[in-house]
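Okay, here's what each chain looks like letter by letter:
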Amino acid sequence: MTTIARAKLAPFAFEARQTALIVIDMQRDFIEPGGFGEALGSDVSLLSGLVPTVARLLEYARSAGWQIVHTRESHAPDLSDCPPAKRLRGMPNARIGDTGPMRRILVRGGPGNAIIDTLKPIENELVIDKPGKGAFYATRLGEELSMRGITHLVFAGVTTEVCVQTSMREADDRGYECLLIEDATASHIPAFLDATIAMIHSQGGIVGWTAPLDVLLEAA
Ligand code: C5J
């Protein structure tokens, strides 16, 4: 059955069996006090307020039978997948691989790198560890989606202007139809959230569609 959501700038039509929800980087390091986000000087409460909306979206997507994908921004313990150009960004005493309050920052396997409990992946959901901002760069995501016949991607998570937007642009380049759920994504800088949505709407919807969660749910 085709579902049609009244998204901006045009209706977003999709089939559940060809749709995946991509939940970007809802990790303790970004959402909770003491993680990488806070180490960079950000107010993480702006991100934690998002959790109930992402949880509602996840619950709906699970019940509708979509493929669920969770990503984690994460690096190998030896940082062989973290180029200096990435590691040397940010605060000198809180770089990727340094020891923070939740052990090593953005290193795979540590407590800070885990997805927050409320949104924990369940059986048959994909968890993609990504060393970049985009979910497709240096990951198996493209192969996993294509194996499952997925053509439509619905995006949520953090942060809107970095990993979410980068992943959406990568997906658009690869031919996926992309919808960003406006209230299921957040930035430490609210103006960046608004700017990202405006960018997606520009030039006739340059990399896809956006809609609030209620618009998606009312179409279902
Ligand atoms: C950042 C992300 N902002 N998940 N990561 O470093 O957006």
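For clarity, every value in this text was computed on a predicted model and none was experimentally measured. (Residues numbered from 1 in each chain as written. Predicted model: local features only at pLDDT ≥ 70, side-chain atom pairs only at ≥ 80, totals over all residues. Heavy atoms only, no water.)

Novice: How should I be thinking about the packing of aromatic side chains in this particular structure?
Specialist: Working definition: an aromatic ring pair is given by the centre-to-centre distance plus the angle between the planes. Per the stated rule, a full pass over the model turns up six aromatic pairs. Considering the side-chain rings of Phe 30 and Phe 36, the 6.2 Å spacing of their centres and the 75 degrees angle between planes classify their relative orientation as edge-to-face. For Phe 30, a relative accessible area of 9% corresponds to the buried category. Its relative accessible area of 9% is what places Phe 36 among the buried residues. Joined through ring pairs, the aromatic side chains of Phe 12, Phe 14, Tyr 60, Trp 66 and Trp 209 make up one cluster. (Phe/Tyr/Trp six-rings, centres within 6.5 Å; stacked < 30°, edge-to-face > 60°. Buried < 20%, exposed > 50% of the residue type's maximum accessible area, 1.4 Å probe, protein only.)

Novice: Just to check I follow, could you spell out the pattern of salt bridges for this structure?
Specialist: If the charged atoms of two oppositely charged side chains come close together, the side chains can form a pair. All told, the structure shown has 14 salt bridges when counted by the stated rule. One connected set of salt bridges, linked through shared partners, spans Glu 73, Lys 86 and Lys 133. (Salt bridge = Lys/Arg side-chain N within 4 Å of Asp/Glu carboxyl O.)

Novice: Would you mind showing me how to read the pairing of strand S2 (residues 12–15) here?
Specialist: Bridge analysis of strand S1 (residues 2–5) against S2 gives four bridges, and the strand direction is antiparallel. Within S2, the position partnered with Thr 2 by the bridge is Glu 15. Where S1 hands over to S2, the hairpin turn is made up of six residues, counted between the paired strands. (Pairing = 2+ DSSP bridges. Helix = DSSP H or I, 4+ residues; strand = E, 2+ residues; numbered from the N terminus.)

Novice: In this structure, what is going on with the site of the ligand? I would like to understand it.
Specialist: In the neighbourhood of the ligand, the contacting residues comprise Asp 25, Phe 30, Glu 73, Lys 133, Val 158, Thr 159, Val 162 and Cys 163. At a separation of 2.8 Å, a nitrogen atom of the ligand approaches a polar side-chain atom of Asp 25. Classifying every residue of the shell around the ligand gives four nonpolar, one polar and three charged. (Near = heavy atom within 4 Å. Polar contact = N/O pair within 3.5 Å; in protein donor to acceptor, adjacent residues only side chain to side chain. Nonpolar A, V, L, I, M, F, W, Y, C, P; charged D, E, K, R; others polar.)

Novice: Mind showing me how you'd approach the pairing of strand S7 (residues 126–130) here?
Specialist: As a general feature of sheets, a regular strand has side chains that alternate between the two faces. Taking every second residue as pointing to the same face, the buried face of S7 carries Leu 126, Ile 128 and Lys 130, while none of Val 127 and Asp 129 on the other face is buried. Of the pairings in the sheet, the one linking strand S4 (residues 67–73) to S7 comprises five bridges and is parallel in character. Bridge pairing links Val 69 to Leu 126 in S7.

Novice: What is the right way to look at helix H7 (residues 160–173) in this model?
Specialist: Spacing of three or four residues puts side chains on the same side of an α-helix, whose turn is 3.6 residues. When the terminal C-alpha atoms of H7 are compared, their 18 Å separation across 14 residues agrees well with the 20 Å that a helix rising 1.5 Å per residue should span. Along H7, the residues that are buried comprise Thr 160, Cys 163, Val 164, Gln 165, Ser 167, Met 168, Glu 170 and Ala 171. (Expected span 1.5 Å × (residues − 1).)

Novice: Would you mind showing me how to read the side chain of Asn 113 here?
Specialist: In this fold, Asn 113 is placed in the loop between strand S6 (103–104) and S7. Those residues in contact with Asn 113, other than ones at most four positions away along the chain, are Gln 27, Asp 29, Arg 72, Glu 73, Ser 74, Leu 106, Val 107, Arg 108 and Asp 129. (Contact = heavy atoms within 4.5 Å.)

Novice: Help me understand the sheet that holds strand S3 (residues 19–24) in this model?
Specialist: In space, the six strands of this open sheet follow the order S7-S4-S3-S8-S9-S10, with parallel pairing throughout. Across the chains shown, the open sheet's two edge strands, defined by having one partner strand only, are S7 and strand S10 (209–211). Strand-to-strand twist in this sheet, taken as the mean axis angle between neighbours without regard to direction, amounts to 25 degrees. Relative to S4, S3 is paired through five bridges, and the arrangement is parallel. Note that in S4 the partner of Ala 20 across the bridge is Gln 67. (Axes fitted to C-alpha atoms, helices over the stretch in contact; angles between N-to-C directions.)

All we've got here are geometric facts, nothing functional implied.
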